[in-house]
Amino acid sequence: MKFDTPAGINPIDKGRVVGIPHDRIDGAAKVTGSAPYAYERHDAAPNAVYGWIVGSAIAKGRIAAMDLRAAEAAPGVLGIVTHANAGKLGKGSMNTAPLLGGPQVDHYEQAVALVIADTFENARDAAKLVRIDYTPEDGKYDLAAESLKGVMPPDSFGTPADTKAGDFDDGFAKAAVKIDQRYTTPDHSHAMMEPHATTAAWNGDRLTLWTSNQMIAWGVGEVAKTLGIPKEKVRLVSPYIGGGFGSKLFLRADALLAALGAKQVGRPVKVAIARHQIPNNTTHRPATIQRIRIGADKDGVIDAIGHEVWSGDLPGGSPETAAQQTRLLYRGANRMTAHRLVTLNLPEGNAMRAPGEAVGLLALEVAMDELAEACGVDPVELRIRNDVQYDPEAGPQRPYSSRKLVECLRAGADRFGWDKRKAKPGQVRDGRWLVGMGVAAAFRNNLVGKSGARIGVDAQGKVIVETDMTDIGTGSYTIIGQTAAEMLGVPLDQVIVRLGDSRFPVSAGSGGQWGANSSTAGVYAAAMALRAKLAEKAGYPADKAQFDDGLVKFDNKSQTLAALAGREGLWAEDSMEYGDLDKRYAQATFGAHFCEVGVDIDTAEVRVRRMGGAFAAGRILNPKSARSQVIGAMTMGVGAALMESLEVDTRFGFFVNHDMAEYVVPVHADIPQQDVLFIDELDDKSSPMKAKGVGELGICGAGAAVANAIYNATGIRLRDYPLTIDKLL
Ligand code: MOS
């Protein structure tokens, strides 16, 4: 089914199941431990043995010699995979460095061997006996130092390095009020709960990987390409995923090495990337240096806006596109943005938790706070004055499909009690605490992708949906079930949802907050096809048949779904494809974050006292799980503002704090109160679901609201994240 034109009224608009808060249909399985994760597939591969990854002890250089004799002789050892015996391997499209290194080493903790043994403990013990002599080479590990040298605009994946409109230099030079500041954000680690893990089994030349992966069809292609085997021989199964955050968008070392190990020892092999290996072995969000210049009139109306971003990656890598939102968020005739990429020999950078906007807004929304103060305009009002209802680089001929930033700012301010904020910093005391409030806009792109599904009715009238869409903890099972229930007129408990298997139709997958809207639109397409089949079988006109209460109805006649399905069941498959709507309409999601902090007058300890936000993201398919996602994302925003930072050892080129003890993330006790308000919005140009993404919106801007609240509390303006105590004293 092609989605080219606004959909008008459609079956989803009935709103009997979609748009109503529902518990997760997979919730009980998850909290009772009966949802099997990749490393736990004892059922599927009962005779599996265990692999332990040996990571490189240098960041750059070569392996001069490997001595495996002691490891091979250790108890229980069955085999050792290295570059010398793995055969010729390809490289996945997104893997900057080979997942199995050697003899060249590209980054610290790059996998250079997999030791396989009968037990986990034996594999881990034997791995310590692998002796490797390295010839290290000098590498570059310091973003600040490298960014001062000549840097290149990056090759990028559909995102231009530079954009321009009007004449930025002229507009900025003439502006009555100018902001020109530099902001920095550190390297971040995904820190999802479930480590990367795979159980691999070969059956002849067929490979099955029970793995933890956000994008199944892409993953199949990457496995096939890397191993040099046909895609048809590879199956990925990933029904439950304990968080992805971008770290499981594509193939990682666990999957490749489990496959190679299983081939070598002739038995299924399990591999997890151990927690302490994750920050250096896998990808991370690269650090940024950002310069923002804003020129406005004395009332704060922007005429010129410029945003330049420097980040680093391995050769062939990609930049952190942190100027993305500055291209689209505020008015201003004269504009420039630039992404610059330097070569660093740190581990691979890539997508993490709203790549681009999440750290771009940490800078832009503090700059807006600085502009508000410079102009003497309330920060909420400043953002309202600079709203624009079209893509400000393209002009009015590219309007937003829907954009309710102003509504979010107003409703959010009202609910939060923004009118109690004192404009002058350092005015409010509560015992030992200096108290302040901050606001920031939220912005995240709304992308849609082709997505397919298969849907059937069985002889009991149960509706079954199958798609390779993943649920990375986000609630996909439930919204897909709701969509099927709505379309076929059955209660949610009559729907069985099966996800995350490459035997099912290809979906958009989970990433970039496109998953919910795109995958449910694919289910919509398949359900429309099944409705037509059911109506035809009933002898009713397809466009007039009604689907209610497990019945297909026309005039005053009706038949049950179960009877129409018959003993064989009735199935249909289709996908939703999008035309060029994104060229005609800018699409994005919007929101407003509010935060109140207390800062201890003596110790400068910062405590978030409460957060609130208002968000407009099209139809909210399941307000309960959407709220959970936004709250989780706001929590990540607090992490970025106050805690999260991978510390680089610039001598040896690795992240020092590579575990959950020293890479600090917020916990429940860090944020006593979070409030989420969804603004009513139906976007009929986004998909027939009239929904947009919401999964990543909540992180975008949240940290800047914290930073602005700290300024309001203390009068100290911090621009170097995370905003730790040492910077406030
Ligand atoms: Mo997301 S960082 O695209 O999984």
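Predicted, not measured: the structure shown is a model, and the values here were computed from it.

Colleague: Before we move on, could you go through the confidence of the model for the protein and cite the residues and values that matter?
Modeller: Of all residues in the protein, 99% have pLDDT values of 70 or greater, and the mean over the chain is 96. Element-level pLDDT for the protein is lowest in helix H15 (residues 581-584), with a mean of 83, against a maximum mean of 99 in strand S6 (residues 111-117). Complex prediction metrics read pTM 0.97 and ipTM 0.97.

Colleague: Which residues make up the nonpolar core, and what are the values?
Modeller: Grouped together as the largest cluster of nonpolar side chains are 222 residues, with contacts concentrated most on Leu114, Val115, Leu257, Ala259, Ala484, Phe615 and Val706. A per-element tally of this core places helix H9 (residues 357-375) first, with 12 residues. If near-sequence neighbours (up to four positions away) are discounted, valine 706 is found in contact with Gly438, Cys595, Val597, Val608, Gly637, Val638, Ala641 and Leu642.

Colleague: Can you lay out the pairing of strand S14 (residues 288-296) for me, pointing to particular residues and giving the numbers?
Modeller: For S14, a buried count of eight out of nine residues is recorded, marking the element as mostly surrounded by other parts of the structure. Note that strand S9 (residues 177-185) and S14 share nine bridges and pair antiparallel. Note that in S14 the partner of threonine 184 across the bridge is isoleucine 289. In the sheet, S14 pairs with strand S15 (residues 302-313) via nine bridges, with the strands oriented antiparallel. When the bridges of S15 are listed, arginine 291 appears paired with glutamate 308. A loop of five residues connects S14 with S15, the two strands running antiparallel in sequence, and glycine 300 in this loop sits at a positive phi of about 85°.

Colleague: Tell me about the sheet that holds strand S18 (residues 433-445), residues and numbers included.
Modeller: Taken together, the five strands give an open sheet; going across it, the order is S17-S18-S26-S27-S30, and neighbouring strands pair in mixed fashion. Both edges of this open sheet fall to strand S17 (428-430) and strand S30 (674-678), since each of them pairs with a single strand only. For this sheet, the mean angle separating the axes of adjacent strands, direction not counted, is 25°. Bridge count between S17 and S18: three bridges; the pairing is antiparallel. Residue pairing in the sheet places arginine 429 in a bridge with leucine 434 of S18.

Colleague: For the packing of H9 against helix H17 (residues 702-714), give the residues involved together with the corresponding values.
Modeller: Put simply, H9 and H17 touch, their axes get as near as 8 Å, and they point 35° apart. Here H9 and H17 pass one another in a crossing that is right-handed. On H17, the residues that touch Leu361, Leu362, Glu365, Val366 and Asp369 of H9 are Gly703, Ala704, Ala707, Asn708 and Tyr711. In terms of residue class, the contact of H9 with H17 is made up of six nonpolar, two polar and two charged.

Colleague: An account of the sheet that holds strand S2 (residues 49-55) is needed here, citing residue identities and associated values.
Modeller: Pairing in this open sheet of seven strands is mixed, and the strands run S4-S6-S2-S13-S10-S11-S12 from one edge to the other. Edge strands, defined here as strands with exactly one partner in the open sheet, are strand S4 (77-82) and strand S12 (234-237). Geometrically, the sheet is characterised by an average inter-axis angle of 20° between neighbouring strands, direction not taken into account. When strand S11 (residues 206-211) meets S12, the two strands line up parallel, connected through four bridges. Bridged to leucine 207 within S12 is valine 234. Packed onto the sheet, helix H7 (residues 253-265) meets S2, S4, S6, strand S10 (197-203), S11 and strand S13 (269-272) and runs at close to 35° relative to S10.

Colleague: Please set out H7 residue by residue, giving values where relevant.
Modeller: If you check H7, its first and last C-alpha atoms are 18 Å apart, about what 13 residues at 1.5 Å a residue would give, namely 18 Å. In terms of residue burial, H7 counts as a mostly covered element, since 10 of its 13 residues are buried. Three or more residues of H7 are buried, namely Ala253, Asp254, Ala255, Leu256, Leu257, Ala258, Ala259, Leu260, Gly261 and Ala262. Just downstream of H7, glycine 266 is the residue with a positive phi angle, here 70°.

Colleague: Go over the packing of helix H16 (residues 623-642) against H17 with me, naming the residues and quoting the values.
Modeller: The geometry of H16 relative to H17 is characterised by a closest axis approach of 7 Å and an angle of 50° between their N-to-C directions. Of the possible angle classes, the one that applies to H16 and H17 is oblique. Between H16 and H17 the crossing geometry is right-handed. Counted together, Ala633, Met634, Gly637, Val638, Ala640, Ala641 and Leu642 of H16 and Ala702, Gly703, Val706 and Ala707 of H17 form the full contact between these two elements. A class-by-class count of the residues in the contact of H16 with H17 yields nine nonpolar, two polar and no charged.

Colleague: Lay out H9 in plain terms, naming residues and giving numbers.
Modeller: Under the 1.5 Å per step criterion, the end-to-end length of H9 is 25 Å for 19 residues, consistent within 8% with the ideal 27 Å. In terms of burial, H9 is largely enclosed, as 18 of its 19 residues are buried. Glycine 376 lies just past H9 and shows a positive phi near 70°.

Rules and cut-offs
- Position labels on residues start from 1 in each chain and follow its written sequence.
- In keeping with the predicted nature of the model, local features appear solely for residues at pLDDT of at least 70, side-chain atom pairs appear and are counted solely at 80 or more, and the whole-chain, interface and lining totals rest on all residues.
- pLDDT expresses, on a scale from 0 to 100, how confident the predictor is about each individual residue.
- Elements are defined by DSSP. Helices are runs of H or I of four residues or more, strands are runs of E of two residues or more, and each kind is numbered from the N terminus.
- Here, a nonpolar core denotes buried Ala, Val, Leu, Ile, Met, Phe, Trp, Tyr and Cys residues that are linked to one another through C-beta atoms within 7 Å.
- The exposure label follows from counting other C-beta atoms within 10 Å of a residue's C-beta, where the C-beta atoms are placed from the backbone and the thresholds are 20 or more for buried and 12 or fewer for exposed, leaving partly exposed in between.
- In this description, any two residues whose backbone-derived C-beta atoms lie within 7 Å of each other are considered to be in contact.
- For two strands to be treated as a pair, DSSP must find no fewer than two bridges joining them.
- The convention used is that axes are lines fitted to C-alpha atoms, helices contributing only their stretch in contact, and that angles between N-to-C directions extend from 0 to 180 degrees.
- Rotating anticlockwise by less than a right angle from the far helix to the near helix defines a left-handed crossing, while the corresponding clockwise rotation defines a right-handed one.
- Three residue categories are used. Nonpolar comprises Ala, Val, Leu, Ile, Met, Phe, Trp, Tyr, Cys and Pro, charged comprises Asp, Glu, Lys and Arg, and polar comprises the others, including Gly.
- By this rule, a helix spans an expected 1.5 Å times one less than how many residues it contains.
- In this scheme, roughly parallel covers angles under 35 degrees and roughly antiparallel covers those over 145, while 65 to 115 is roughly perpendicular and the rest are oblique.

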